[in-house]
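Architecture at a glance
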Amino acid sequence: MKREYQDAGGSGGDMGSSKDKMMAAAAAGAGEQEEDLDELLAALGYKVRSSDMADVAQKLEQLEMAMGMGGAGGAGGTADDGFVSHLATDTVHYNPSDLSSWVESMLSELNAPPPPLPPAPPAPRLASTSSTGTSGGAAGAGYFDLPPAVDSSSSTYALKPIPSPVVASADPSTESVREPKRMRTGCGSTSSSSSSSSSMDGGRTRSSVVEAAPPASQASAAANGPAVPVVVMDTQEAGIRLVHALLACAEAVQQENFSAADALVKQIPMLASSQGGAMRKVAAYFGEALARRVYRVRPTPDNSLLDAAFADLLHAHFYESCPYLKFAHFTANQAILEAFAGCRRVHVVDFGIKQGMQWPALLQALALRPGGPPSFRLTGVGPPQPDETDALQQVGWKLAQFAHTIRVDFQYRGLVAATLADLEPFMLQPDGEDKDDEPEVIAVNSVFELHRLLAQPGALEKVLGTVRAVRPRIVTVVEQEANHNSGTFLDRFTKSLHYYSTMFDSLEGAGTGQSADASPAASGGTDQVMSEVYLGRQICNVVACEGAERTERHETLRQWRSRLGGAGFEPVHLGSNAYKQASTLLALFAGGDGYRVEEKDGCLTLGWHTRPLIATSAWRIAAP
């Protein structure tokens, strides 16, 4: 008998939440057990005697038929449909423990005339763009009070309107013929969440509940008005809208339509908050950069003293968190080491010494060279310090100590220069060189430095002329493999968005790029956060700055070939040995499978999956 009416019990159980069923079951277990109760329904919290099962099942079928015949036709069908609408939107029905009595009350209520219905309040709407280019105003105070979207007639990347939240109407006259539906009622609950996640369409679509009605207001809403709507936003749709908002805002900035840009830039934080991981962080930095440009809030100039000191700190964290700088140093050192083969006196000029992290590895490689190490001189160039300390000399002192421990004859000189264009050839020549001594073999090294010179007209040409005057045997150049220095502002913005999205993906996907022997404290901690700030400052400079203040003017390897070739240099093939050792270097990093080393026309690139991100090239003075 119990098994035969299992479906009847299931249909009754479908009308309550699983949480409330468990609460009711626990309460029933704690209290007195009544005799002759159906065990299956009792476990779900319903008190139904086994002898009443047939009667309850018959009444449930009558109730379902009465509720499902709202659209049967005629005047009576319209009235029934309005009443079902009233039951679905304006009344909160609680699952009783006495299922039989509740079914009877529902049947009697269906036979009674429906109560007068209050007018439906205006549904909260999101600001959107219509097909004619006009923006839909908010009909009322909703959960998202967004500014109007950009005019679709003037923007290639005009936003598609966000669908308004679906709110059940309490007025039957505002609805067409309603499809028959089964109500899902809920027990009174004392807890709810204002932010949760759900799955729709069998888990294929992820969505986030942005706001829900407070639990204390549910009973009053049933008595005084319609229920507060729940606004659901699909995260994938929000991600698409986020990219569209960024591009539309950039286009509005390019067109100097700052009113539209102001409206769009205010949408970006809300849309970005719906995302996770790298996308949320990248969007936040690009949104901040756009806001600075729209509201004309200039970032700190890169040539300021405080900025230079902080930039060195961020550079050190970026070095520790991912393999990009290690790859740059390793490949450049390999080219310099091969150029110094057989030389007894060598001299390296570093255009950006910073903390001197590149040179211990080269010193150690020279110390192990057959026949003994050469005499090594290092000239480090760096910016002035804000506290007037001689930071370059501190770097030189640490390197001198290291060279002494490995028995390498070491000399060091630091050159303070606000820009590389201030350098002159005589500054890079040795002091009082003995005529009888073997001449020095010079190597010039630049890691992420030359692109900054493009902000000053003629600065790059002057620096390359200075390099050519000291007659180096090799010049090593490492630059970002990106074009952020040509085309319109929208082109630059789009390319930088793709580039830095890949950069942030590599930080997230490679487990912060820590080496296998990295300490747990360093992994995923301060180094990654500071690395994100390091990249975020570049984003801000690319997007928010113009003129001489925009120093992050990255160019591709092809463009650098043209510039260096025009200045009298020719490329030096880095060789397969550097390629093999660079690939081995990446194996030391957790998540290194995502990184890719490629050889391109004698140069080496490091990227994330299929996207090259940085490139190392070597050059020498072209034969006359």
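Residues numbered from 1 in each chain as written. Predicted model: local features only at pLDDT ≥ 70, side-chain atom pairs only at ≥ 80, totals over all residues. Heavy atoms only, no water.

**Comments concerning unusual backbone geometry**
Stated precisely, the cut-off is as follows: Put simply, DSSP H or I for four residues or longer makes a helix, DSSP E for two residues or longer makes a strand, and each gets a number counted from the N terminus. Residue burial is assigned from relative accessible area. The probe radius is 1.4 Å, only protein chains are included, and a residue is buried under 20% of its type maximum, exposed over 50%, and partly exposed in between.
A positive phi is found at Glu256, a non-glycine position, where the angle reads about 60°. Along the chain, the position of Glu256 falls in the loop between α8 (235–254) and α9 (258–265). Here Arg296, not a glycine, exhibits a phi torsion of approximately 55°, which is positive. Mapped onto the elements, Arg296 comes out in the loop between α11 (277–294) and α12 (305–321). The class of Arg296 is exposed, set by a relative accessible area of 60%.

**A word on the packing of α9 against α11**
Axis angle and axis distance: for two packed helices, these are the angle between their axes and the distance between the axes, and together they describe the pair. Selection criterion: An axis is simply a line fitted to the C-alpha atoms; with a helix, the fit covers only the stretch in contact. Between two such axes, the angle follows the N-to-C directions and lies from 0 to 180 degrees. Convention used here: angles under 35 degrees read as roughly parallel, angles over 145 as roughly antiparallel, angles from 65 to 115 as roughly perpendicular, and any remaining angle as oblique. Note on convention: near helix rotated counterclockwise from far helix by under a right angle means a left-handed crossing. Clockwise means right-handed. We call two residues in contact whenever any of their non-hydrogen atoms come within 4.5 Å of each other.
Contact geometry of α9 with α11 gives a least axis separation of 10 Å together with a crossing angle of 150°. By the angle class used here, α9 and α11 are roughly antiparallel. Seen from above, α9 lies across α11 with left-handed handedness. Contacts from Phe258, Ala261, Asp262 and Val265 of α9 reach α11 at Gly287, Leu290, Ala291, Arg293 and Val294.

**Thoughts on empty space enclosed by the protein**
The condition that has to hold: Here the term cavity refers to a set of points on a 1 Å grid, laid over the protein atoms alone, in which a 1.4 Å probe fits but cannot get out; the term pocket refers to an open set having protein on both sides within 12 Å along at least five of seven lines, with lining residues being those that place an atom within 4 Å of a point. Grid points are joined across faces, edges and corners, and a volume is the space filled by probe spheres set on the points. Three classes are used, and their members are as follows: Ala, Val, Leu, Ile, Met, Phe, Trp, Tyr, Cys and Pro are nonpolar, Asp, Glu, Lys and Arg are charged, and the others, Gly among them, are polar.
As enumerated under the stated definition, the model contains five cavities of 30 Å³ or more in all. Residues of the lining of the largest cavity, tallied by class, amount to four nonpolar, seven polar and two charged.

**As for the environment of Gln411**
Within the element layout of this structure, Gln411 appears in strand β8 (residues 410–416). The exposure class of Gln411 is partly exposed, given its relative accessible area of 41%. Other than its neighbours up to four places away in sequence, Gln411 contacts Ser375, Phe376, Arg377 and Leu378.

**Section: the side chain of Thr331**
Basically, it comes down to this: Whenever a nitrogen or oxygen atom comes within 3.5 Å of another N or O atom, the pair is scored as a polar contact, on the condition that within protein one atom can donate a hydrogen and the other can accept it, and that pairs from neighbouring residues in sequence are kept only if both atoms are in side chains.
Turning to its location among the elements, Thr331 is positioned in helix α13 (residues 324–339). Of note is the side chain of Thr331, whose polar atom sits 3.2 Å from the backbone oxygen of Ala328. Once you skip the residues sitting within four places of it in the chain, Thr331 turns out to touch Ala582, Leu604 and Thr616.

**Structural notes on the pairing of β8**
The side chains of a regular strand alternate, residue by residue, between the two faces of the sheet. The condition that has to hold: A strand pair is defined by DSSP finding two or more bridges across the two strands.
The pairing of strand β7 (residues 375–382) with β8 spans seven bridges and is parallel. By the bridge assignment, Thr379 is partnered in β8 with Arg413.

**Considerations on the packing of aromatic side chains**
What counts here: The criterion for an aromatic pair is that two Phe, Tyr or Trp rings (for Trp, the six-membered ring) have centres within 6.5 Å, with stacked assigned to planes under 30 degrees apart, edge-to-face to planes over 60 apart and tilted to the rest. Counted as over-ring charges are cases with an Arg CZ or a Lys NZ within 6 Å of the ring centre that also lie within 35 degrees of the ring normal.
Evaluation of the coordinates by the stated rule reveals ten aromatic pairs. Plain terms: the ring middles of Phe286 and Phe493 are 5.3 Å apart, the flat faces sit at 80° to each other, and that makes the pair edge-to-face. Separated by 207 residues along the polypeptide, Phe286 in helix α11 and Phe493 in helix α17 (residues 489–509) bring together distant segments of the chain. For the residue pair Phe286 and Phe493, the accessibility class agrees, reading buried in each case. Considering the side-chain rings of Tyr499 and Tyr500, the 5.0 Å spacing of their centres and the 85° angle between planes classify their relative orientation as edge-to-face. Each member of the aromatic cluster is reached from another via a ring pair, and the members are Phe318, Tyr324, Tyr534, Tyr595 and Trp608. The aromatic ring of Phe258 is capped on one face by Arg296, whose charged end is 4.6 Å from the ring centroid. Lying across the ring of Tyr319, Lys326 places its NZ or CZ 4.2 Å from the centre.

**Considering the confidence of the model for the protein**
This is how it is decided: Residue-level confidence of the predictor, termed pLDDT, takes values from 0 up to 100.
With 58% of its residues at a pLDDT of 70 or more, the protein shows a mean pLDDT of 73. In the predicted structure, residues 512–523 sits below a pLDDT of 50 and forms 26 contacts with residues beyond four places in sequence or in another chain.

**Some thoughts on the packing of α11 against helix α18 (residues 526–544)**
Packing of α11 against α18 leaves a shortest axis separation of 9 Å and a crossing angle of 35°. Read as a crossing pair, α11 and α18 show a hand that is right-handed. Residues Lys281, Tyr285, Phe286, Ala289, Leu290, Arg292 and Arg293 of α11 form the contact with α18, whose participating residues are Gln528, Glu532, Val533, Gly536, Ile539, Cys540, Val543 and Ala544. Looking at the contact of α11 with α18 residue by residue, the class counts come to nine nonpolar, two polar and four charged.

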